[in-house]
Protein chains: 2
Amino acid sequence: VPYRPFSGQNCSIARALEVVGERWSLLVMREAMLGRRRFGEIREQLGVAPNILSDRLGTLAEHGLLRHDGHGEYRLTAKGADLQPVLIALMRWGDRHAAPAGPPRIVVHVGCGQDADPEYRCGHCGDVLAPGTLEVRPGPGAGDGRRAEPPQPS
Amino acid sequence: VPYRPFSGQNCSIARALEVVGERWSLLVMREAMLGRRRFGEIREQLGVAPNILSDRLGTLAEHGLLRHDGHGEYRLTAKGADLQPVLIALMRWGDRHAAPAGPPRIVVHVGCGQDADPEYRCGHCGDVLAPGTLEVRPGPGAGDGRRAEPPQPS
């Protein structure tokens, strides 16, 4: 399918989704973060068709999120590990809104040994960043700004 | 295309992606969070085909992330607003790895008025949750646990 690219948008969300937004890609990254490296074990965990998995692994390696070691293993890179917050955020939304029997998995903070209960906080004042507490303004990469200066919610 | 569903996986990431993982859906949610409500303005911002946008808005409304007011406007619900961390996480990954000219947008924390520089912290001890500082264990919804008790990274 000749997808219409997101790349015309000067937006980091769109650009991230160009790399990891294809169907299955984030679940492949989940597997990588859980320490699975071999094509066969990832395929078995996901139940994905081999040609699709091959395509996704190729794209993720091409963009440097995984590194193919040449012996059938795909290893997480630092760029790939940086996706951890994306997976945490999706997991927590799913825990809250799509897990009637309760969370299938609990995330434990290795540092303190407790349920991490991850929450986004302001790096300046430390407050929890609840919905509705953020607004956006153009950044250094805004360019002509047409798409980077959206109206604020009314 | 008869997609193979993610729903066989007992995983909140997979379940969240069943709702918001289709191409364009998260960008539609971005628009909703930026306060855009009308089909036409969302379509114009995204450059998406009308039939695709109509499908995505319908799915998001069906799952309760948007509410169609019957007069052509789609409003963000609390369930939709809860996706804020997912969009923040994608934005920050894109800012770091796919924004050579710098971040197109800066997120400002309304509470303190400063660049929010959002970071995930442990809800128990307050430490920043850097990559590699988390591990998972089965939660109350793990069920038989086959897919919910992954091996830890070696």
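Below: a short report on this structure.

Basis of the calculations
- Residues numbered from 1 in each chain as written.
- Chains lettered and ligands numbered in written order.
- Predicted model: local features only at pLDDT ≥ 70, side-chain atom pairs only at ≥ 80, totals over all residues.
- Heavy atoms only, no water.
- Least-squares fit on C-alpha atoms with pLDDT ≥ 70 in both.
- Contact = heavy atoms within 4.5 Å.
- Buried < 20%, exposed > 50% of the residue type's maximum accessible area, 1.4 Å probe, protein only.
- Helix = DSSP H or I, 4+ residues; strand = E, 2+ residues; numbered from the N terminus.
- Arc of directions from axis to C-beta.
- Core = buried A, V, L, I, M, F, W, Y, C linked by side-chain atoms within 4.5 Å.
- Salt bridge = Lys/Arg side-chain N within 4 Å of Asp/Glu carboxyl O.
- Axes fitted to C-alpha atoms, helices over the stretch in contact; angles between N-to-C directions.
- Parallel < 35°, antiparallel > 145°, perpendicular 65-115°, else oblique.
- Nonpolar A, V, L, I, M, F, W, Y, C, P; charged D, E, K, R; others polar.
- Buried area = accessible area lost by both parts, 1.4 Å probe.

## Concerning the relation of the copies chain A and chain B
In the superposition of chain A on chain B (RMSD 0.0 Å, axial shift 0.0 Å), the rotation amounts to 180°. Each copy turns onto its partner about a two-fold axis. The C-alpha atom lying nearest the rotation axis in chain A is that of Tyr120 of chain A; the distance is 2.2 Å. Take the interface residues of chain A: 100% of them recur as interface residues in chain B, which is what a same-surface contact looks like.

## As for helix α3 (residues 39–46) of chain A
All names here are of chain A. Among the residues making up α3, those that are buried are Ile42, Gln45 and Leu46. For α3, the angular spread of the buried residues around the axis is 90°, confining them to a single face. Here the buried face of α3 lies against α2 (25–33) and α4 (50–62). Immediately downstream of α3, the backbone of Gly47 shows phi near 70°, a positive value.

## Brief notes about the nonpolar core
Core analysis: the biggest nonpolar cluster contains 79 residues, and Leu83 and Leu90 of chain A together with Leu90 of chain B have the highest contact counts within it. Residues within four places of Leu90 of chain B in sequence aside, it is in contact with Ser12, Ile13, Ala16, Leu17, Val20 and Val86 of chain A together with Leu26 of chain B.

## Quick notes on the pattern of salt bridges
According to the stated counting rule, one finds 16 salt bridges over all chains in the structure shown. Across the salt bridge formed by Arg96 of chain A and Asp82 of chain B, the nearest N and O atoms sit 3.2 Å from each other. On the criterion of chain membership, the pair formed by Arg96 of chain A in helix α6 (residues 84–97) and Asp82 of chain B in the loop between α5 (78–81) and α6 (84–97) is interchain, its members lying in two chains. Classification of Arg96 of chain A as exposed rests on a relative accessible area of 63%.

## Topic: the packing of α6 of chain A against α6 of chain B
Between α6 of chain A and α6 of chain B, the shortest axis-to-axis distance is 8 Å and the interhelical angle comes to 170°. Taken together, the axis directions place α6 of chain A and α6 of chain B in an arrangement best described as roughly antiparallel. For the pair α6 of chain A and α6 of chain B, the contacting residues are Pro85, Val86, Ala89 and Leu90 of chain A in the first and Pro85, Val86, Ala89 and Leu90 of chain B in the second. When the residues that make up the contact of α6 of chain A with α6 of chain B are grouped by side-chain class, the tally is eight nonpolar, no polar and no charged.

## Description of the interface of chain A and chain B
On the side of chain B, 100 residues touch chain A, which itself brings 100 residues to the contact. Between chain A and chain B the total buried area reaches about 9,000 Å² when both faces are included, carbon and sulfur atoms providing 62% of it. For chain A, the biggest contributors to the area lost against chain B are Arg23, Trp93 and Tyr120 of chain A; these three give 9% of the whole. Across the chain A-chain B interface, the total number found is two salt bridges.

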